[in-house]
Structure formats: structure tokens, C-alpha cells
Amino acid sequence: MLNLKLATDPRWVDIVESNLEEILTDHAWCEQKAATNAITIITLNSQYTELVTELLKLAQEELEHFEMVHEIIKKRGYTLGRERKDHYVNQLFKFMNNGGSRQQALVDRLLFSAMIEARSCERFKLLSERIKDEELSTFYRELMISEAGHYTTFLKFARQYGEGLDVEKRWQELINFEGEIITNYGKKETIHG
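None of the values given here were measured: they were computed from a predicted structure. (Residues numbered from 1 in each chain as written. Predicted model: local features only at pLDDT ≥ 70, side-chain atom pairs only at ≥ 80, totals over all residues. Heavy atoms only, no water.)

This paragraph deals with the overall build of the protein. Of regular secondary structure, the protein possesses 7 helices and 0 strands. A compact globule built from 193 residues should have a C-alpha radius of gyration of about 16 Å, and the protein, at 16 Å, falls within 12% of that. Referenced to the eigenvectors of the C-alpha coordinate spread, the extents of the protein come out at roughly 50 × 30 × 25 Å. Per-residue burial over the protein gives 51% buried out of 193 residues. Long-range contacts, defined as pairs at least 24 residues apart, comprise 83% of the intrachain contacts of the protein with a sequence gap of at least 6. Within the structure as shown, the protein displays about 9600 Å² of accessible surface, and the carbon and sulfur contribution to it stands at 52%. Distance from the positive charge centre (25 side chains) to the negative charge centre (32 side chains) of the protein: 4 Å. (Helix = DSSP H or I, 4+ residues; strand = E, 2+ residues; numbered from the N terminus. Rg over C-alpha atoms; globule rule 2.2 N^0.38 Å. Buried < 20%, exposed > 50% of the residue type's maximum accessible area, 1.4 Å probe, protein only. Contact = heavy atoms within 4.5 Å. Areas by Shrake-Rupley, 256 points an atom, 1.4 Å probe, with all protein chains shown as cover. Lys, Arg positive; Asp, Glu negative; His and termini not counted. Charge placed at Lys NZ, Arg CZ, Asp CG, Glu CD.)

Here is the structure:
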């Protein structure tokens with residue numbers, strides 16, 4: 001369903017388990033960035049009523065996830081660390097077409113967003129199946145379902161607003177690009193690291 005070229009090595013979960021405070025902090029900031037991304041898309045494309053309506057809901061859900069992760073951090077006596085750079089997302093961002101039309105920019109941003117949600121969903125699935133911490137296993141299973149919904153929302157809108165563009169070709173190009181860069185990740189206790 002997610003169309004990812006390369007699955008995450010299951011040993012990544014072992015790395016995550018070695019530093020739960022770090023993965024939770026990184027995850028919290030990923031949720032904040034996802035909410036910000038949705039709001040940015042709205043800001044740049046406010047003429048699309050359906051897009052605005054759906055992404056407002058999505059942004060609110062991402063903020064709720066941020067709050068949920070923060071509550072787990074507090075409950076465990078951890079501290080929400082400072083925001084981390086997400087090198088995976090920054091590399092993926094380079095794929096977007098900066099010189100095209102507004103329509104192409106919107107489609108690229110939506111595809112970029114779908115890809116991040118797909119990879120997050122895949123990582124959450126892996127965590128839900130392999131992490132020994134039962135609370136986190138259940139938590140990540142629930143979030144996996146939500147991320148899958150966000151993935152399909154972004155793809156739907158890319159196709160809907162990409163009339164006249166070869167959205168499927170662009171999506172395949174992004175899938176291939178992500179397949180190349182993901183080989184550099186899965187070695188740190190971060191959601192995309």
C-alpha cells in the first residue's frame with residue numbers, strides 16, 4: 001500500500017529501544033512539523049476549500065499526536081528535548097520542483113507530504129510489532145493507522161489538484177528518489193534517522 005522501495009531494517013527497533021527518551025522527543029517534534037506543514041500548505045493554497053477543510057483537521061490531529069507523545073514523555077519522567085533537524089525530510093525536500101508553476105509546487109508539496117507519512121507509517125508499524133514496551137507498541141499501532149490516513153489524504157489531493165500534470169510519473173520519481181536516500185537512514189534512534 002505504501003509503495004516504499006526499501007523497508008526499514010527491523011534492527012532499527014533495537015537502536016530505538018536503547019534510547020526511548022530520544023525517539024519520543026524526536027517523534028514529538030515530527031508531529032509538530034507535520035502540523036506546521038499542513039498549515040503551510042493551507043496558507044499557500046487557501047483557494048481550495050476542500051483542501052483547507054481537510055488539512056485543518058489533519059493539522060489538529062498532528063497537534064493532538066504531539067500532545068500525546070509529550071504526555072508519554074512526562075509520564076516517564078523524561079524531558080522534551082530541543083527540536084531536532086530531520087535530515088531525511090531535508091533531503092526529501094530537495095526533490096521538490098522550485099521553478100515550476102504554483103500547481104506543480106502544490107502537487108510536489110502534497111507528494112512530499114505523502115512520502116513522509118508513508119515512511120512514518122512504515123516505521124510506526126515496525127515499532128508496534130517489535131518494540132518490547134507494550135504501551136508504546138499499542139500507541140504506535142494506533143498512530144500507524146492515522147498516518148496511513150494522512151498518506152492517502154495527501155495522495156488524493158495531489159491527484160485531484162494535479163489536473164494536466166503527470167502526477168503518477170512524479171510520484172514514481174519521488175518513490176525512486178526516496179528509495180535511494182533511505183539507505184542512509186535507519187541507524188539512529190529517530191523516527192526517520
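Averaged over all residues, the pLDDT of the protein is 95; the fraction at 70 or higher stands at 99%. At the low end of the mean pLDDT range in the protein sits helix α4 (residues 87–93), at 93; at the high end sits helix α3 (residues 49–75), at 98. (pLDDT = per-residue confidence, 0-100.)

What follows covers the state of the cysteines. Taken as a whole, this structure holds 0 disulfides when the rule is applied. For Cys30, which is in no disulfide, the shortest distance to another cysteine sulfur is to Cys121 and amounts to 14 Å. (Disulfide = S-S within 2.5 Å.)

Moving on, we come to the packing of aromatic side chains. Scanning all chains against the criterion turns up 9 aromatic pairs. The interplanar angle of 45° and the centroid separation of 5.5 Å between the aromatic rings of Trp29 and Phe66 together place this pair among those described as tilted. Of this pair, Trp29 sits in helix α2 (residues 20–44) while Phe66 sits in helix α3, and the two are 37 residues apart along the sequence. With respect to burial, Trp29 and Phe66 carry one shared label: buried. Judged by centre distance (5.6 Å) and plane angle (80°), the ring pair of Phe93 and Phe112 falls under edge-to-face. Taken together, the residues Phe93 in helix α4 and Phe112 in helix α5 (residues 102–130) connect sequence positions 19 residues apart. (Phe/Tyr/Trp six-rings, centres within 6.5 Å; stacked < 30°, edge-to-face > 60°.)

Looking now at the side chain of His65. Of note, His65 is situated in helix α3. Of the residues examined, His65 reaches a relative accessible area of 5% and is grouped as buried. Reaching out from His65, the side chain makes a polar contact with the side chain of Glu31 at a distance of 3.4 Å. In contact with His65, not counting residues within four places along its chain, are Glu31, Leu143, Ser146, Glu147 and His150. (Polar contact = N/O pair within 3.5 Å; in protein donor to acceptor, adjacent residues only side chain to side chain.)

A separate point is unusual backbone geometry. Phi is positive for Asn3, close to 60°, though the residue is something other than glycine. Note on placement: Asn3 falls in the segment before α1 (12–17).

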